[in-house]
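Inside the fold
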Amino acid sequence: MALRPKYSIVSLIRNALSYHQDWQAAWRSPDPKPDYDVVIVGGGGHGLATAYYLAKEHGITNVAVIEKGWLGGGNTGRNTTIVRSNYLWDESAHLYEHSLKLWEGLSQDLNFNTMFSQRGLMSLAHNLHDLREINRRVNAIRLNGIDSEFLTVEQCKAYCPILNTDPRSRYPVMGASLQRRGGTARHDAVAWGLARAADARGVDIIQNCEVTGFRIENGRVKGVETTRGYIGAKKVGCVVAGHASVVASMAGFRLPIESHPLQAMVSEPIKPILDTVVMSNAVHVYVSQSDKGELVLGAGIDAFNSYAQRGSPFILEHQLNALCELFPIFSRLKIMRTWGGIV
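A brief report on the enclosed structure follows.

Rules and cut-offs
Residues numbered from 1 in each chain as written. Predicted model: local features only at pLDDT ≥ 70, side-chain atom pairs only at ≥ 80, totals over all residues. Heavy atoms only, no water. Helix = DSSP H or I, 4+ residues; strand = E, 2+ residues; numbered from the N terminus. Rg over C-alpha atoms; globule rule 2.2 N^0.38 Å. Buried < 20%, exposed > 50% of the residue type's maximum accessible area, 1.4 Å probe, protein only. Phe/Tyr/Trp six-rings, centres within 6.5 Å; stacked < 30°, edge-to-face > 60°. Lys NZ or Arg CZ within 6 Å of the ring centre and 35° of its normal. Core = buried A, V, L, I, M, F, W, Y, C linked by side-chain atoms within 4.5 Å. Contact = heavy atoms within 4.5 Å. Expected span 1.5 Å × (residues − 1). Arc of directions from axis to C-beta. Pairing = 2+ DSSP bridges. Axes fitted to C-alpha atoms, helices over the stretch in contact; angles between N-to-C directions. Polar contact = N/O pair within 3.5 Å; in protein donor to acceptor, adjacent residues only side chain to side chain. Salt bridge = Lys/Arg side-chain N within 4 Å of Asp/Glu carboxyl O.

It is worth spelling out the overall build of the chain at this point. On a plain count of helices and strands, the chain comes out with nine helices and 16 strands. A compact globule built from 343 residues would reach a C-alpha radius of gyration of about 20 Å, and the chain, at 22 Å, matches this within 12%. Here the C-alpha coordinates of the chain stretch approximately 65 × 65 × 40 Å along the principal axes. The buried share of the chain, taken over its 343 residues, is 45%.

Here it is as structure tokens:
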């Protein structure tokens, strides 16, 4: 006998028309308590992960994650979702490999589908310097026990048939590195899964709660001033990506970092045609295809310092020129929207 689904089509339609008012919330929306052991500023992927692992691994559950807007609405909602551990330096390699191993079990750990897809990540070489650098990187990565391999031009074409490997092209492909365990995830699913799991362990997730200042006594932070009142805290975590220096300045110190926009865009949706991630550091473009069929495109950072979450025309033009040279098949696609994250 066939199992009856929990929600029938009629039930789904009824709940959709009622704006899902009768659906159980995935996580609570509590009012802030007077104080917490830990307050984490920033309700994106990293902030929520910090809260989740504090609760899961260390038993610290008297935690609040406060977000000035909606959950995952900052850099988490603006990234291009690439997950990899193919880094040259030992310190970076071990950090990102540990992260990648967490990704590989994250959906099961959270009991929520993060749509993590290990479709492979190919980084292209376009000149002799690129080739030497990629070979050096592949060897260094493998010495750290991480998967990496070198591809010839022919192997690049076999792995990604729509890639232009004509040696007469503007950016000739001369080889590539490949990490087969690399891939992509669904950014909002990651935020939702972490939020639900953190909430289940007692973490308070408080949206629409902007930090306006810090209360400091004898050189120690005692809590945060917010648009929803003062919240005391024994420890405060600043997890706001490119805006970390702005929040730090409220606490009276300067972080030695610079913030730059990082461009991204998506195309109109098309049928599945690109089943891997292709990156080109030399020409600053990378591309993958989402489950909805959109091409998700990224580029290098803007050279100037900014907190503007939008694209610069010359960066976008350079990025699209490179894309169309590497993938002529994409040249007639329409771009649906562009944006910038802050790194």
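Next comes the rest of the write-up.
Let us now look at the packing of aromatic side chains. Throughout the structure, instances matching the rule amount to four aromatic pairs. Seen from their ring centres, Tyr87 and Tyr96 are 4.0 Å apart, and the 10° between their planes marks the pair as stacked. We classify Tyr96 as partly exposed; its relative accessible area is 32%. One residue, Arg215, lies across the ring of Tyr230, its end atom 3.6 Å from the ring centre.

Of all hydrophobic cores here, the largest spans 27 residues; its most connected members are Ile40, Leu48, Leu71, Trp103, Leu194, Val203 and Ile205. Among the secondary structure elements, those contributing two or more residues to this core are β1 (35-41), α2 (45-58), β2 (63-66), α3 (90-104), α4 (106-110) and α7 (187-200). Residues contacting Leu194, with those up to four places away along its chain left out, are Gly45, Leu48, Ala49, Tyr52 and Leu110. Judged by nonpolar contacts, the second largest core, of 25 residues, contains Leu151, Tyr171, Val173 and Val287.

Relative to the assigned elements, Gln319 resides in helix α9 (residues 313-326). Excluding anything up to four places from it in sequence, Gln319 contacts Gln263, Met265, His284, Val285, Leu297, Gly298 and Ala299.

This paragraph deals with α3. Structurally, the α-helix is built with 3.6 residues per turn, so residues lying three or four positions apart point the same way. With 15 residues, α3 ought to run about 21 Å at 1.5 Å a step, and its terminal C-alpha atoms sit 21 Å apart, in line with that. Buried within α3 we find Ala93, Glu97, Leu100 and Trp103. The arc enclosing the buried residues of α3, seen along the axis, measures out at 110°, which places them on a common side. Away from its buried face by more than 90 degrees, α3 exposes Glu91, Leu95 and His98. On its buried face, α3 sits against β3 (82-83), α4, β6 (175-179) and α7.

What holds strands together in a sheet is hydrogen bonding between their backbones, with the strands either parallel or antiparallel. Read from one edge to the other, the open sheet built from eight strands follows the order β5-β6-β4-β13-β14-β15-β12-β16, with strand pairing classed as mixed. Pairing within the sheet leaves two strands with one partner each, and these edge strands are β5 (149-151) and β16 (335-342). Taken pair by pair, the neighbouring strands of this sheet meet at an average axis angle of 20°, ignoring direction. Lying over the sheet, α9 contacts β4 (121-125), β12 (261-267), β13 (277-280), β14 (285-289), β15 (295-301) and β16, oriented at roughly 125° with respect to β15.

So, about the side chain of Gln179. Along the chain, the position of Gln179 falls in strand β6. Residue class for Gln179 comes out buried when judged on its relative accessible area of 0%. In this structure the side chain of Gln179 is engaged in a polar contact, spanning 3.3 Å, whose partner is the side chain of Asp147. When neighbours within four sequence positions are excluded, Gln179 is seen to be in contact with Arg84, Ser85, Asn86, Glu97, Leu100, Gly120, Leu121, Ile146 and Asp147.

The next point concerns the pattern of salt bridges. Per the counting criterion, the structure on display carries 17 salt bridges. Linking Lys234 and Asp37 is a salt bridge whose minimum nitrogen-to-oxygen distance equals 3.4 Å. On the criterion of sequence distance, the pair formed by Lys234 in strand β11 (residues 229-238) and Asp37 in strand β1 is long-range, its members being 197 residues apart. We classify Lys234 as exposed; its relative accessible area is 60%. Residue classification places Asp37 among the partly exposed residues on the basis of a relative accessible area of 27%. Note that Asp147 is salt-bridged to Arg181, the shortest N-O span being 2.7 Å. Here the residue Asp147 occupies a position in the loop between α5 (128-143) and β5, and Arg181 occupies one in the loop between β6 and β7 (183-184), the gap between them amounting to 34 residues. The class for Asp147 is partly exposed, based on a relative accessible area of 23%. Through salt bridges with shared partners, a single network forms among Glu97, Glu104, Asp147 and Arg181.

Here we take up α9. The end-to-end C-alpha distance of α9 is 20 Å, a good match for the 20 Å that 14 residues give at a rise of 1.5 Å each. Restricting attention to buried positions, one finds in α9 the residues Ile315, Leu316, Gln319, Ala322, Leu323 and Leu326. Buried residues in α9, looked at end-on, bunch into an arc of 130°, giving them a common side. The exposed set on the far side of α9, more than 90 degrees from its buried face, consists of Pro313, Phe314 and Glu317. Here the buried face of α9 lies against β4, β12, β13, β14, β15 and β16.

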